[in-house]
Amino acid sequence: MSKTVNVAVVGATGAVGETMLKILAERQFPIGTLTVLASERSAGGKVEYGARQLVVQDLATFDPNGIDIALFSAGGSVSKEYAPKFAAAGAVVIDNSSVFRGDADVPLVVAEVNPEAARHRPRGIIANPNCSTMQLMVALAPIHRAVGIERINIATYQSVSGTGRRALEELGRQTAALLNFQDPRPEVYPVQIAFNVIPHGGDFLDNGYTSEEMKLVWETRKILGDDSIQVNATVVRVPVFYGHSEAVHIETRRKITAADARALLEAAPGVEVVDERAAGGYPTPVTHASGNDPTYVGRIREDISHPRGLDLWVVSDNIRKGAALNAVQLAELVLGER
């Protein structure tokens with residue numbers, strides 16, 4: 001068994017890439033050499049890894065030979081071009097884009113839900129799910145395995161960090177502008193995001209849903225290994241910096257009480273239950289999720305409109321658990337195979 005592995009982080013200057021580096025250091029991942037890569041524009045700059053500063057290299061000119069694990073978070077076009085090259089050179093690629101998620105020969109893995117799937121990677125690539133799907137699966141997998149889930153109706157309340165650094169800057173800039181009675185010009189989003197909600201994520205498709213909504217459908221079925229699960233999703237962008245929230249309504253195949261569901265969730269890996277019937281007795285992005293690892297679940301109650309219905313409120317840091325942490329957890333699974 002190798003004591004250390006050579007790791008590359010592709011997209012190291014982005015919000016997810018920086019968080020990947022932070023988590024690798026926090027979890028003391030056994031790294032031999034660590035290479036940080038980004039576009040030519042960012043090459044020569046520096047990023048933090050623990051107490052060290054690492055110089056960013058140009059992805060386009062980098063030779064991937066000798067890399068054991070490559071963590072990609074640089075966008076779909078970059079993954080499509082470079083992930084197969086790293087895999088062909090012998091690296092296990094853990095990709096955070098949506099490019100490979102739907103491919104039958106690429107496993108789509110949530111560390112707490114279907115870790116065994118990570119072993120079967122004929123193309124040398126493991127896909128990280130969409131951040132909204134990620135937290136949903138951590139919360140729902142224990143219930144699905146216990147009583148089966150027939151239908152999921154979900155509305156997401158997604159923070160701007162899911163769109164990237166420019167969206168974070170836009171929310172801050174628009175908020176400051178409005179508080180100073182100035183015009184909050186939208187650039188990243190089609191309309192103002194500050195003090196607003198936008199029922200739009202991704203591209204609109206022929207069926208009237210958006211690509212972000214359909215990811216919740218496709219990815220849920222693949223991760224849980226059950227194409228019969230019906231999923232109805234509405235994605236909403238909200239003026240929150242970090243942390244996605246989800247109002248989740250499920251219909252189970254067999255009846256489960258709120259108390260039994262709460263007990264399942266309290267025992268589930270990666271879940272923290274915050275469920276008191278009192279003011280503040282529920283998770284929110286700011287008070288619980290932001291900067292933390294768990295997926296938080298609250299407002300657990302039986303649906304009064306359906307005999308086998310259950311309602312949940314699910315909150316998680318979309319940059320941390322929704323992207324970077326899961327990628328590092330998958331790297332730890334790969335390391336455990338050595």
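As a starting point, this report considers the structure included with it. (Residues numbered from 1 in each chain as written. Predicted model: local features only at pLDDT ≥ 70, side-chain atom pairs only at ≥ 80, totals over all residues. Heavy atoms only, no water.)

With that out of the way, let us pick up the overall build of the protein chain. Counting its secondary structure elements, the protein chain contains eight helices and 14 strands. Taking 20 Å as the expected radius of gyration for a compact globule of 338 residues, we find that the protein chain reaches 20 Å, a close match to that expectation. Structurally, the protein chain occupies a C-alpha span of about 60 × 55 × 40 Å along its principal axes. Each of the 338 residues in the protein chain was classed as buried or not, and the buried ones make up 54%. Pairs at least 24 apart in sequence give 66% of the contacts found in the protein chain among residues at least 6 apart. Carbon and sulfur atoms provide 50% of the accessible area of the protein chain, an area that totals close to 14,800 Å². (Helix = DSSP H or I, 4+ residues; strand = E, 2+ residues; numbered from the N terminus. Rg over C-alpha atoms; globule rule 2.2 N^0.38 Å. Buried < 20%, exposed > 50% of the residue type's maximum accessible area, 1.4 Å probe, protein only. Contact = heavy atoms within 4.5 Å. Areas by Shrake-Rupley, 256 points an atom, 1.4 Å probe, with all protein chains shown as cover.)

Within the open sheet, the six strands sit side by side as β10-β9-β11-β14-β13-β12. Their pairing is mixed. Pairing within the sheet leaves two strands with one partner each, and these edge strands are β10 (230-237) and β12 (271-273). Each strand of the sheet is rotated relative to its neighbour by a mean of 20 degrees, with strand direction disregarded. Pairing geometry for strand β9 (residues 149-158) and β10, over eight bridges, is parallel. (Pairing = 2+ DSSP bridges. Axes fitted to C-alpha atoms, helices over the stretch in contact; angles between N-to-C directions.)

Turning to the sheet that holds strand β6 (residues 69-72), a few remarks are in order. Sheet architecture is open: six strands sit in the order β5-β2-β1-β6-β7-β8, paired in parallel fashion. The open sheet has two free edges, formed respectively by β5 (57-58) and β8 (125-127), since each of these has just one partner strand. Each of β1 (5-10), β2 (31-38), β6, β7 (92-95) and β8 is contacted by helix α2 (residues 76-88), which is oriented at about 175 degrees to β6, the strand it contacts most.

Remark: helix α3 (residues 131-147) packs on helix α8 (residues 320-336), axes separated minimally by 8 Å, with the N-to-C direction vectors making an angle of 80 degrees. The orientation of α3 relative to α8 falls into the category roughly perpendicular. Where α3 abuts α8, its residues Cys 131, Met 134 and Val 138 lie against Lys 321, Gly 322, Ala 323 and Asn 326. Residue classes in the contact of α3 with α8 are distributed as four nonpolar, two polar and one charged. (Parallel < 35°, antiparallel > 145°, perpendicular 65-115°, else oblique. Nonpolar A, V, L, I, M, F, W, Y, C, P; charged D, E, K, R; others polar.)

As a further point, take the environment of Ser 316. Tracing the sequence through the fold places Ser 316 in strand β14 (residues 309-316). On a C-alpha basis, the gap between Ser 316 and Arg 123 in space is 30 Å, while along the polypeptide they are 193 residues apart. Sequence-distant contacts of Ser 316, that is, excluding residues within four places in its chain, are made with Gln 135, Gly 243, His 244, Ala 289, Pro 294, Thr 295 and Lys 321.

Before going further, it helps to spend a moment on the layout of surface pockets. The space that makes up the second largest pocket amounts to roughly 200 Å³. Taken together, 13 residues line the second largest pocket, and the ones lying closest to its centre are Thr 19, Lys 22, Tyr 242, Asp 317 and Ile 319. Broken down by secondary-structure element, the contributors of at least two residues to the lining of the second largest pocket are α1 (15-26) and α4 (165-179). For the lining of the second largest pocket, the element with the highest residue contribution is α1, accounting for five residues. (1 Å grid on protein atoms, 1.4 Å probe; cavity = no way out; pocket = protein on both sides within 12 Å on 5 of 7 lines; lining within 4 Å. Points joined across faces, edges and corners; volume = space filled by probe spheres on them.)

Going through the model one piece at a time under the given rule, you end up with 20 salt bridges. For Asp 311, the salt bridge goes to Arg 301, with nearest N and O atoms at 3.8 Å. One end of the pair, Asp 311, is in strand β14; the other, Arg 301, is in strand β13 (residues 295-302), with ten residues separating them in the sequence. Through salt bridges with shared partners, one network takes in Glu 26, Asp 293 and Arg 320. (Salt bridge = Lys/Arg side-chain N within 4 Å of Asp/Glu carboxyl O.)

Attention now goes to the packing of aromatic side chains. The full count for this structure, using the stated rule, is three aromatic pairs. A ring pair is formed by Phe 62 and Phe 86, whose centres lie 6.1 Å apart and whose planes are at 20 degrees; its orientation type is stacked. With Phe 62 in the loop between β5 and β6 and Phe 86 in helix α2, this pair connects stretches of sequence that are 24 residues apart. As far as burial versus exposure is concerned, Phe 62 and Phe 86 are alike and both buried. On the basis of an interplanar angle of 45 degrees and a centroid distance of 5.8 Å, the ring pair of Tyr 157 and Trp 313 is categorised as tilted. Here Trp 313 lies in strand β14 and Tyr 157 lies in strand β9, a separation of 156 residues in the sequence. Pairwise contacts between aromatic rings join Phe 62, Phe 72 and Phe 86 into one cluster. (Phe/Tyr/Trp six-rings, centres within 6.5 Å; stacked < 30°, edge-to-face > 60°.)

Attention now moves to unusual backbone geometry. In the Ramachandran plot, Gln 28 falls in the positive-phi region, its phi being about 50 degrees despite a non-glycine side chain. Along the chain, Gln 28 falls in the loop between α1 and β2. Take Gln 28: its relative accessible area is 69%, and that puts it in the exposed class.

The subject of this paragraph is the pairing of β9. Here eight bridges tie β9 to strand β11 (residues 244-252), and the two strands are oriented antiparallel to one another. Bridge assignment links Ala 155 to a residue of β11, and that residue is Ala 247.

Here strand β3 (residues 46-49) runs beside strand β4 (residues 52-55); their pairing, made up of four bridges, is antiparallel. Along β4, the bridge assignment pairs Glu 48 with Gln 53. Turn length for the β3-β4 hairpin, with the two strands adjacent in sequence and antiparallel, is two residues, and the turn residue Gly 50 shows positive phi of about 60 degrees.

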